[in-house]
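Structural description and commentary
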Amino acid sequence: DPMATGVLVVGLGHATRLLRFVQGQPKTYEATIRLGQGTVTDDAEGEVTDAPGWERDDAALADAMHALTGTIAQVPSAVSAIKVDGVRSYARVRKGQEVALAARPVVIDRFEVLGQPRSAPPVVDLDVVVDCSSGTYIRALARDLGAGLGTAGHLTALRRTAIGALGVQQCSTLGDEPPPVIPTETVIGEILPTLKPSAADRDALRNGRRVTLEVPDDTYLVIDDAGLWVSVVTVTDGACQIEVNAPS
């Protein structure tokens, strides 16, 4: 997403195998939505396809944003990385192909206007904050907000301010030296519950052997006495399935 800025988590070495747990965390975004104008990409990078304009109506805006809060069925933007018959959707769109993606459930916990909308007839710009589940497309949210108001909409700015507990305050700008390196245990420990089983069980896990742990069914970060991670395991009826082991 060339227009987007903000939090990007990068895994180093063996930690790359744990990024799937990070990427599945809720996200927070700050964005600017332009109402009254639509584009082929649902953001400012694409050509304008529809420009019906919109006259500011705060009551209608509040109702339309409320309708897009909670668990909703969202059709992802056609310019997304979703594969259609093995080809990225955005690649098909850029070749001029029509793409119809299926709706999928996403959760919007917060969708609020920051400050006052800015009217510049025939369009209205509004800054918003969005707390949402992984897999939510903010471009699609802008598009659908416009549709809900009987007009069109697209993004003109997008910044991800948090992934789970990791926020912009823990980041540095690309190119800065040294970059922030956060220990694996700190990051994954914010996401998964931790276990510290016996030394014998930890050694068994290190060697790829399954063990039995009498804990509730869940996925856990296993740590040793020093607080360093040993494994990530999923426990089902006491039986451990190793998801990933720390390097030996």
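The preceding data block contains the structure.
Below, the structure is looked at part by part.

The rules behind the values
Residues numbered from 1 in each chain as written. Predicted model: local features only at pLDDT ≥ 70, side-chain atom pairs only at ≥ 80, totals over all residues. Heavy atoms only, no water. Pairing = 2+ DSSP bridges. Helix = DSSP H or I, 4+ residues; strand = E, 2+ residues; numbered from the N terminus. Contact = heavy atoms within 4.5 Å. Axes fitted to C-alpha atoms, helices over the stretch in contact; angles between N-to-C directions. Buried < 20%, exposed > 50% of the residue type's maximum accessible area, 1.4 Å probe, protein only. Salt bridge = Lys/Arg side-chain N within 4 Å of Asp/Glu carboxyl O.

1. Some words on the sheet that holds strand β12 (residues 194-195)
The sheet built from four strands is open, its strands ordered β12-β13-β14-β15 with mixed pairing. The outermost strands of the open sheet, each flanked by one partner alone, are β12 and β15 (239-245). Bridge count for strand β13 (residues 218-223) against strand β14 (residues 229-236) is six bridges, and the pairing is antiparallel. Along β14, the bridge assignment pairs Tyr-220 with Val-233. Helix α6 (residues 199-206) contacts β13, β14 and β15 of the sheet and is inclined by roughly 90 degrees relative to β14.

2. Things to note about the pairing of β13
When a strand is regular, its side chains alternate between the sheet's two faces. Most of β13 is tucked away: five of the six residues are buried. Inspection of the sheet shows β12 paired to β13 by two bridges, in the parallel sense. Its bridge partner being in β13, Thr-194 is matched across the sheet by Leu-221. The antiparallel hairpin formed by β13 and β14 contains five residues in its connecting segment, where Gly-227 sits at a positive phi of about 85 degrees.

3. Comments concerning the pattern of salt bridges
Per the stated rule, a full pass over the model turns up ten salt bridges. For Asp-225, the salt bridge is made with Arg-202, and the minimal N-O distance between the two is 3.4 Å. Of this pair, Asp-225 sits in the loop between β13 and β14 while Arg-202 is found in helix α6, placing the two residues 23 residues apart along the sequence. Connected through salt bridges with shared partners, the residues Asp-42, Arg-143 and Asp-144 form a single ionic network.

4. Focus: unusual backbone geometry
Each neighbour pair has its own omega, and for Pro-121 with Pro-122 the value is 15 degrees, a cis peptide bond. Here Pro-122 shows up in the loop between β8 (104-120) and β9 (123-132). In this model, Asp-42 sits at a positive phi of 65 degrees, which is unusual for a non-glycine residue. Given the relative accessible area of 8%, Asp-42 is considered buried. Despite not being glycine, Asp-237 has its phi angle at roughly 50 degrees, a positive value. Residue position: Asp-237 is located in the loop between β14 and β15. Look at Asp-237 and you get exposed, because its relative accessible area is 72%.

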